[in-house]
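Commentary on secondary and tertiary structure
Residue strings, one per chain:
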Amino acid sequence: MTLLIATRNHHKLDEIRQIFALPSLRLIAADELPGLPDDVVEDADTFEGNALKKARELCAASGLWTLADDSGLEVAALDNAPGVFSARYAGEPCDYAANNAKLLRALDGVTDRRARFRCVIALCAPDGRAWTVDGRCEGRIITETRGENGFGYDPLFVPDGSDKTFSELDSAVKNTLSHRGHALRNAADAWRAWLTPHA
Ligand code: ITT
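The notes below deal with the structure included here. (Residues numbered from 1 in each chain as written. Predicted model: local features only at pLDDT ≥ 70, side-chain atom pairs only at ≥ 80, totals over all residues. Heavy atoms only, no water.)

Observations concerning the overall build of the protein
Each helix and strand in the protein was counted, giving five helices and six strands. Secondary structure elements of the protein, listed N to C terminal, follow the sequence β-α-β-α-β-α-β-β-β-α-α. Since a compact globule built from 199 residues should have a radius of gyration of about 16 Å, the 17 Å found for the protein is in line with a globular shape. Along the first, second and third principal axes, the C-alpha set of the protein runs to 55 × 30 × 25 Å. The proportion of buried residues among the 199 residues of the protein is 46%. Taking all contacts inside the protein whose residues are at least 6 apart in sequence as the whole, residues at least 24 apart take part in 60%. Here the protein holds 23 positive side-chain charges and 30 negative ones, and the gap between their average locations is 3 Å. (Helix = DSSP H or I, 4+ residues; strand = E, 2+ residues; numbered from the N terminus. Rg over C-alpha atoms; globule rule 2.2 N^0.38 Å. Buried < 20%, exposed > 50% of the residue type's maximum accessible area, 1.4 Å probe, protein only. Contact = heavy atoms within 4.5 Å. Lys, Arg positive; Asp, Glu negative; His and termini not counted. Charge placed at Lys NZ, Arg CZ, Asp CG, Glu CD.)

Dropping the structure here:
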């Protein structure tokens, strides 16, 4: 069976391919399928809403079972901002360095550094049915960027139980701890029988 991954974000795609490797399930990226809409307008006010929108639009355009990821960072001292605006926190187009710089300015002098990453994975079937699962990772925001791996807010985020940022951990370790890892393992548990019916 073929599953379309409804993301244009290559970092996410790499992580999804590493984590969501089910037997006899072929993952195909949106960039590999010509004729799909370039961008889905992410105007829902929840991760669930945006994940479902991405999955439904690309499923309708492709006719394939489709999986989408909507994710972001919630910072306690900022009333859970940037949340669904994580990709465009410092404006559009998405600029990870500018987002990190803005986050550090917003937390300047703030002692409560608690934050969490959240990820909602949506699955849409060609007949229009759709489902979601989620995952989260609690941690804190440090005061300067550290590490080279990963993407987005990874250089500023230290998951609970670690003293390294996601950017200092290798991707296999990040995937065991991360919001995306938790969400995709929940997805495999919930949907394995549909996605690998003959495995
Ligand atoms: P698609 O919509 O095409 O999937 P996107 O990058 O626009 O790609 P989102 O709208 O879900 O995806 O925004 C996710 C943002 O949240 C991303 O740009 C990062 O800023 C942040 N983010 C999500 N997961 C992350 C992770 O594992 N590490 C660091 N930052 C992450």
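So, the packing of aromatic side chains
Applying the stated criterion to the full structure yields six aromatic pairs. Their ring planes at 55° and their centres at 4.6 Å tell us that Phe117 and Phe157 sit as a pair that is tilted. In this pair, Phe117 sits in strand β4 (residues 114-124) while Phe157 sits in strand β6 (residues 157-159), placing the two residues 40 residues apart along the sequence. The two residues Phe117 and Phe157 agree in class, both being buried. Both rings, one in Phe157 and one in Phe166, keep their centres 5.2 Å apart while their planes meet at 45°; by these two values the pair is tilted. Accessibility classification places Phe157 together with Phe166 in one group, the buried group. (Phe/Tyr/Trp six-rings, centres within 6.5 Å; stacked < 30°, edge-to-face > 60°.)

Thoughts on helix α2 (residues 47-62)
Between its terminal C-alpha atoms α2 stretches 22 Å, which fits the 22 Å expected from 16 residues at 1.5 Å a residue. Those residues of α2 not exposed but buried are Phe47, Asn50, Ala51, Leu52, Lys54, Ala55, Leu58 and Cys59. For α2, the secondary structure elements touched by its buried residues are β1 (2-5), α1 (10-19), β3 (65-75), β4 and β5 (130-141). Just downstream of α2 lies Gly63, where phi reads positive at about 75°. (Expected span 1.5 Å × (residues − 1).)

What to know about the site of the ligand
Near the ligand, the surroundings consist of 21 residues, among which Thr7, Glu42, Lys54, Asp154 and Lys174 are the closest. Taking Asp70, its side chain carries an N or O atom lying 3.1 Å from an oxygen atom of the ligand. At a separation of 3.1 Å, a nitrogen atom of the ligand approaches a polar side-chain atom of His179. Here the ligand has 620 Å² of accessible area as a free molecule, and 92% of this is covered by the chains. Of all the secondary-structure elements, those providing two or more residues to the shell around the ligand are β3 and α5 (179-195). Broken down by element, the residue count for the shell around the ligand peaks at four residues, all from β3. The residue makeup of the shell around the ligand, split by class, is five nonpolar, seven polar and nine charged. (Near = heavy atom within 4 Å. Polar contact = N/O pair within 3.5 Å; in protein donor to acceptor, adjacent residues only side chain to side chain. Areas by Shrake-Rupley, 256 points an atom, 1.4 Å probe, with all protein chains shown as cover. Nonpolar A, V, L, I, M, F, W, Y, C, P; charged D, E, K, R; others polar.)

Overview of unusual backbone geometry
In this structure, the amide linkage connecting Ala81 to the following residue, Pro82, adopts the cis form with an omega of 0°. Here Pro82 lies in the loop between β3 and α3 (96-106). Each neighbour pair has its own omega, and for Glu92 with Pro93 the value is -5°, a cis peptide bond. Examined against the element boundaries, Pro93 turns out to sit in the loop between β3 and α3. Even without a glycine there, the phi angle at Ser24 is positive, about 60°. Overall, the relative accessible area of 53% leaves Ser24 in the exposed class. Phi at Asp79 is positive, roughly 55°, even though this residue is not glycine.

Considerations on the nonpolar core
Core analysis: the largest hydrophobic core is formed by 23 residues, its most contacted members being Leu3, Phe20, Leu67, Ile121, Trp191 and Leu195. Mapped by element, the contributors of at least two residues to this core are β1, α1, β2 (26-29), β3, β4 and α5. Ranked by the residues each element gives to this core, the list is headed by α5, at six residues. Discounting chain neighbours no more than four positions away, the residues touching Trp191 are Leu67, Ile121, Ala122, Leu123, Trp131, Thr132 and Val133. (Core = buried A, V, L, I, M, F, W, Y, C linked by side-chain atoms within 4.5 Å.)

Read these as layout, nothing more, since geometry by itself doesn't imply function.
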